[in-house]
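Coordinate inspection notes
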Amino acid sequence: MIDAYLEKLSAELRRRGIAGNREIEEIRDHLTDSADAMVAQGVTRPDAERQAIERMGDAAEIARQIAASQFRLGNALALASAVALGLAIAYVDSRPHWDDAGITAFALLGAALVIALCVPRRPWLWALGVGVWIPLHTIVRTGRPGAAIMFVLLLFPLAGAYFGAYMRRAISGRTETIFFF
Amino acid sequence: MARADTLKGHLDLLLLSTLSDRPAHGYAIAERLRDTSAGEFDLPEGTLYPALHRLERSGWLASRWAEVNGRRRRVYQLTAKGQKARAKQHAEWSDFARAVRAVVERPA
């Protein structure tokens, strides 16, 4: 019974892109201790395991809480990476000798794709982090509001980020709606 | 049993306080919480682990694998940073509780 519960918890964690080996091991120890304590008080083994699992709580909810606590750090790293890559691409694009818009667009798409593949939550945020710098630089440099048309460049990192997030979902076998916000 | 959402708001302080006198593994922490509160804090035990790991990432707890009663267990202990955090949260909670009591128990 405990093994079945842990398998369910493990599957819920994997669906969220988390290996969770340490969590599974700790919860296995906890359930074993809990069931053993009840058996020592005269409860039958099946009843003790069932009660221990009930006390532990719903596996999907535990996996959700573990994922929520871990993704805070993942989100910060992903956003920092997106901004760093976006600034680097914008710097290269701003050089006087640089005149290859195709490579710039491909770099924006690729950078957002890789980040969303690693951290598939909020792909729109990774796209903004990567792609907002070239349009902003153009507006500041030219001083013309019309340069805002450059924000159309965001379509490339947006396409990359959402494609990356869908790829990750396909790889990890997710079935529910992807977490866009 | 205390409402789970009410308990959640105080979970950090409860966990830090439970570990303030000696280290413990997850099951022992859940037992201490339940026993010390006379069964009032009987929260879903699985919610302990995300909270413990979060407190560990904050540097308030440290953990290690250790042999407990012949079994290998992940044991948590309060760090110096955690002790300061506990003292601060305890003081804030005491002020809050005093203020709530003053309002709800004022003579009619």
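Residues numbered from 1 in each chain as written. Chains lettered and ligands numbered in written order. Predicted model: local features only at pLDDT ≥ 70, side-chain atom pairs only at ≥ 80, totals over all residues. Heavy atoms only, no water.

1. What to know about the overall build of chain A
Each helix and strand counted, chain A has eight helices and zero strands in total. Moving toward the C terminus, one meets the helices and strands of chain A in the order α-α-α-α-α-α-α-α. By residue count, 41% of the 181 residues in chain A fall in the buried class. Look at the contacts in chain A between residues 6 or more apart in sequence, and 68% of them connect residues 24 or more apart. (Helix = DSSP H or I, 4+ residues; strand = E, 2+ residues; numbered from the N terminus. Buried < 20%, exposed > 50% of the residue type's maximum accessible area, 1.4 Å probe, protein only. Contact = heavy atoms within 4.5 Å.)

2. Examining helix H3 (residues 26-36) of chain B
Judged by how many residues are buried, H3 of chain B sits mostly within the fold: eight of eleven residues are covered. Among the residues of H3 of chain B, those classed as buried are Gly26, Tyr27, Ala28, Ile29, Ala30, Arg32, Leu33 and Arg34 of chain B. Here the buried face of H3 of chain B lies against helix H2 (21-40) and helix H3 (45-56) of chain A together with helix H2 (11-18), strand S1 (24-25), helix H4 (48-57) and strand S3 (71-78) of chain B. Looking at the residues trailing H3 of chain B, positive phi occurs at alanine 38 of chain B, about 55 degrees.

3. Considering the sheet that holds strand S2 (residues 61-68) of chain B
Adjacent strands of a sheet pair through backbone hydrogen bonds, lying either parallel or antiparallel. Residues and elements named next belong to chain B. Pairing within the open sheet is antiparallel, and its three strands lie in the order S1-S3-S2. If you trace the sheet from one side to the other, it starts and ends with S1 and S2, each paired once. The pairing of S1 with S3 spans two bridges and is classified as antiparallel. Its bridge partner lying in S3, alanine 24 is registered against tyrosine 76. (Pairing = 2+ DSSP bridges.)

4. With respect to the pattern of salt bridges
For the coordinates displayed, the defined rule picks out 19 salt bridges over all chains. Of the charged contacts in the structure, one is a salt bridge between arginine 45 of chain A and aspartate 36 of chain A, with a shortest N-O distance of 3.0 Å. Arginine 45 of chain A sits in the partly exposed class, given a relative accessible area of 36%. Arginine 34 of chain B serves as the salt-bridge partner of glutamate 45 of chain B, at 2.8 Å between the closest nitrogen and oxygen. Within this pair, whereas glutamate 45 of chain B is found in the loop between H3 and H4, its partner arginine 34 of chain B is found in helix H3, the two being separated by eleven residues in sequence. The same class applies to glutamate 45 of chain B as to arginine 34 of chain B, namely buried. (Salt bridge = Lys/Arg side-chain N within 4 Å of Asp/Glu carboxyl O.)

5. Observations regarding the interface of chain A and chain B
Interface size is commonly expressed as the accessible surface area that is lost when the partners come together. Facing 22 residues of chain A, the contacting portion of chain B comprises 25 residues. In total, about 2000 Å² of surface goes out of reach between chain A and chain B, with carbon and sulfur atoms giving 49% of it. Ranking the residues of chain A by area buried against chain B places Arg22, His30 and Arg55 of chain A at the top, with a combined share of 31%. Viewed at the interface, chain B and chain A are joined by 15 residue pairs in polar contact (both at pLDDT 80 or more). Those elements giving two or more residues to the side of chain A that touches chain B turn out to be H2, H3 and helix H4 (59-94) of chain A. The element best represented in the side of chain A that touches chain B is H2 of chain A, accounting for twelve residues. A per-class count over the side of chain A that touches chain B returns six nonpolar, seven polar and nine charged. (Buried area = accessible area lost by both parts, 1.4 Å probe. Polar contact = N/O pair within 3.5 Å; in protein donor to acceptor, adjacent residues only side chain to side chain. Nonpolar A, V, L, I, M, F, W, Y, C, P; charged D, E, K, R; others polar.)

6. Concerning the packing of H2 of chain B against helix H5 (residues 80-104) of chain B
Residues and elements named next belong to chain B. In contact at an axis separation of 10 Å, H2 and H5 are set at 125 degrees when each is read in the N-to-C sense. Taken together, the axes of H2 and H5 lie oblique to each other. Once H2 is placed against H5, the crossing between them reads as left-handed. Facing Asp12, Leu13, Leu16 and Ser17 of H2, the residues of H5 in contact are Gly82, Ala85, Arg86, Gln89, His90 and Trp93. Looking at side-chain class alone, the contact of H2 with H5 contains four nonpolar, four polar and two charged residues. (Axes fitted to C-alpha atoms, helices over the stretch in contact; angles between N-to-C directions. Parallel < 35°, antiparallel > 145°, perpendicular 65-115°, else oblique. Left-handed = near helix turned anticlockwise from the far one by under 90°.)

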